[in-house]
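The chain contents come next:
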Amino acid sequence: VSTKRPYDILIGQDILKDAGKYIRERIDPCKICLVTDSKVNGLYSQVLTTSLIEHGFQTCKVVFPEGEHSKTMNTYSNILEALADEGMSRSDLIVALGGGVVGDLSGFAASSYMRGIRYIQIPTTYLATVDSSVGGKTGINLLNGKNLAGAFWQPSLVISDYKTFDTLNDDELLNGVAEAVKSGMVAENTLIDKVLHRDYAYVIERCVSIKKSIVEADERDTGMRQLLNFGHTIGHCIEKISSFSVSHGHAVAKGMVAESKAAFKMGLTENDVSVYLADILGSCGFDLSIPYDPDEMYYYAHNDKKIDGDSITIVVPETIGKCRLHKLPLSELPRYIELGM
Ligand code: NAD
Ligand code: ZN
């Protein structure tokens, strides 16, 4: 990825056990703090630590409870204190081993510990592999909403081993399906069929390539990168309202259908792609209902990062595989949300 500091993305099956070698090929011996959650720790931290030690790295580890509820200021601060307790210096390295929650928290800690140290993403969920591990968006949730504090901080390397998907349950795999369908909707209609057929190797390569091009063109999310927010304006409200009992990808799936429906009903697009999306996502097993109070949804939508002055940037699907950005006056936001539900 040709960002200011370029980095590689390595994709393969059963490559976690060789992670130490891939890191050593790029980074001199140093101390590595492995950051992971309670579930992934039991599954994959041993094999990774062994490989790191074999290749001359010193290691330490921070583990926090699994799940979106951990993506808080409190966990963030615990990670920073642990880095200091371990005596980590500016030339040392964080390795984020886990899903998007681990990646977002570790990346944010890396961006701010001693004003910024290097970190490596080793995603272990389908969602993190196709989306969150690439692009350098890091952050945590605040009480008022998702991802409201954070930083742009690119990793030094991404190592994606899709053998780790073997231990994901179907619900977690669906989270990745939603983000991969999103990439297809935004940039490449032919990708969607491959997503539905669970062709992981192909889908990962395409999603990562699409994200790479978009991030290279707009690292700081001031323009076209916002297309990747398709489904997320309404999706984030759903995550928040449900107290995260609806997980990120499932919320984005509902959000993509709702945002497509709303854009069509408001005359912003000629095509009602919500019918198509509801059909394919429904067939994958997504529950697409949004059984919440529109006023409460609107309350959370108001805390969205995409609001600028008196408008909010929304993503309008023109057709399958092509979306555009649209500045919606904030006065029309309640109607937009209601029409999507
Ligand atoms: P997650 O990190 O909470 O992982 C989901 C669950 O799967 C957790 O319980 C975890 O312990 C478990 N798990 C992880 N790997 C496993 C494995 N191999 N086997 C068995 N269980 C495993 O959630 P997620 O779905 O990976 O990521 C969602 C988060 O990512 C959200 O917070 C979202 O906002 C964020 N996100 C960030 C970006 C970005 O660009 N930074 C993009 C998309 C999503
Ligand atoms: Zn997302």
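Small disclaimer: the values here were computed from a predicted structure and weren't measured. (Residues numbered from 1 in each chain as written. Chains lettered and ligands numbered in written order. Predicted model: local features only at pLDDT ≥ 70, side-chain atom pairs only at ≥ 80, totals over all residues.)

Looking at the packing of helix H3 (residues 73-85) against helix H4 (residues 100-112)
Each packed pair of helices is defined by two parameters, the angle between the axes and the distance between the axes. Here H3 crosses H4 at 55°, and the two axes come no closer than 10 Å. Here H4 runs oblique to H3, going by the angle between their axes. When you trace H3 past H4, the crossing you get is right-handed. Only Leu 105, Phe 108 and Ala 109 of H4 make contact with H3, whose side of the interface consists of Thr 75, Tyr 76, Ile 79, Leu 80 and Leu 83. (Axes fitted to C-alpha atoms, helices over the stretch in contact; angles between N-to-C directions. Helix = DSSP H or I, 4+ residues; strand = E, 2+ residues; numbered from the N terminus. Parallel < 35°, antiparallel > 145°, perpendicular 65-115°, else oblique. Left-handed = near helix turned anticlockwise from the far one by under 90°. Contact = placed C-beta atoms within 7 Å.)

Here's the deal with the site of ligand 1
Close to ligand 1 lie 30 residues, the nearest being Lys 39, Gly 99, Gly 100, Thr 125 and Ser 132. Counting only elements with at least two residues in the shell around ligand 1, the list comes to helix H2 (38-54), H4, helix H5 (126-132), strand E7 (145-152) and helix H6 (170-187). Looking at the shell around ligand 1, its residues break down into seven nonpolar, 13 polar and ten charged. Counting contributing residues, the shell around ligand 1 receives three or more from each of domain 1 (8-167) and domain 2 (170-340). (Near = placed C-beta within 6 Å. Nonpolar A, V, L, I, M, F, W, Y, C, P; charged D, E, K, R; others polar. Domains from an automatic or database assignment.)

Considerations on the sheet that holds strand E9 (residues 307-308)
The strand order E9-E10-E11 describes an open sheet built from three strands, whose pairing is antiparallel. Strands at the two margins of the open sheet, each flanked by one partner only, are E9 and strand E11 (322-329). Two elements, E9 and strand E10 (residues 311-319), share two bridges in a ladder whose sense is antiparallel. Paired with Ile 307 across the two strands is Ile 312, which belongs to E10. (Pairing = 2+ DSSP bridges.)

Comments concerning the UniProt feature "domain: 3-dehydroquinate synthase N-terminal" (unreviewed entry) in the protein chain
According to UniProt, the feature "domain: 3-dehydroquinate synthase N-terminal" (unreviewed entry) maps to residues 62-173 in the numbering used here. With 33% helix and 30% strand, residues 62-173 has end C-alpha atoms that lie 25 Å from one another. (UniProt positions renumbered as here; feature names shortened; annotations may be inferred.)

Structural notes on the UniProt feature "binding site: Zn(2+)" (unreviewed entry) in the protein chain
Here, the residues flagged by UniProt with the feature "binding site: Zn(2+)" (unreviewed entry) are Glu 179, His 232 and His 248. Across 70 residues in sequence, these annotated residues keep their C-alpha atoms within 10.1 Å of one another, forming a single compact spot. In this fold, Glu 179 is placed in helix H6. For Glu 179, a count of 27 C-beta atoms within 10 Å translates into the label buried. Beyond its immediate chain neighbours, meaning those up to four positions away, Glu 179 contacts Leu 127, Val 130, Asp 131, Gly 249 and Val 252. Its location among the elements puts His 248 in helix H10 (residues 248-265). Take His 248: there are 25 C-beta atoms within 10 Å of it, and that puts it in the buried class. Aside from chain neighbours lying at most four places away, what touches His 248 is Gly 100, Leu 127, Asn 175 and Glu 239. (Buried ≥ 20, exposed ≤ 12 C-beta atoms within 10 Å, placed from the backbone.)

Concerning helix H11 (residues 274-284)
Listed in full, the buried residues belonging to H11 are Ser 274, Leu 277 and Leu 281. Considered in projection along H11, the buried side chains sweep an arc of 60° and stay on one side of the axis. H11 presents Val 275, Asp 279 and Ser 283 as exposed residues on the side facing more than 90 degrees away from its buried surface. Buried residues belonging to H11 abut H6 and H10. Of the residues one or two after H11, Gly 285 is the one with positive phi, at around 110°. (Arc of directions from axis to C-beta.)

Observations concerning unusual backbone geometry
Within the chain, Arg 115 stands out as a residue other than glycine whose phi angle is a positive 65°. For Arg 115, the location among the structural elements is in the loop between H4 and strand E5 (118-123). Even without a glycine there, the phi angle at Asp 221 is positive, about 65°. Within the secondary structure, Asp 221 sits in the loop between helix H8 (200-217) and helix H9 (232-241). Asp 221 gets classed as partly exposed once you count the C-beta atoms within 10 Å, which come to 18.

Concerning H9
For an α-helix, the turn length of 3.6 residues means that residues three or four places apart are oriented alike. Of all ten residues in H9, nine are buried; the element is thus mostly enclosed. All buried positions along H9 are accounted for by His 232, Thr 233, Ile 234, Gly 235, His 236, Cys 237, Ile 238, Glu 239 and Lys 240. Close packing links the buried residues of H9 with E7, H10, helix H12 (294-301), E10 and helix H13 (333-340). Remark: Ser 243 follows H9 within two positions and exhibits a positive phi of approximately 50°.

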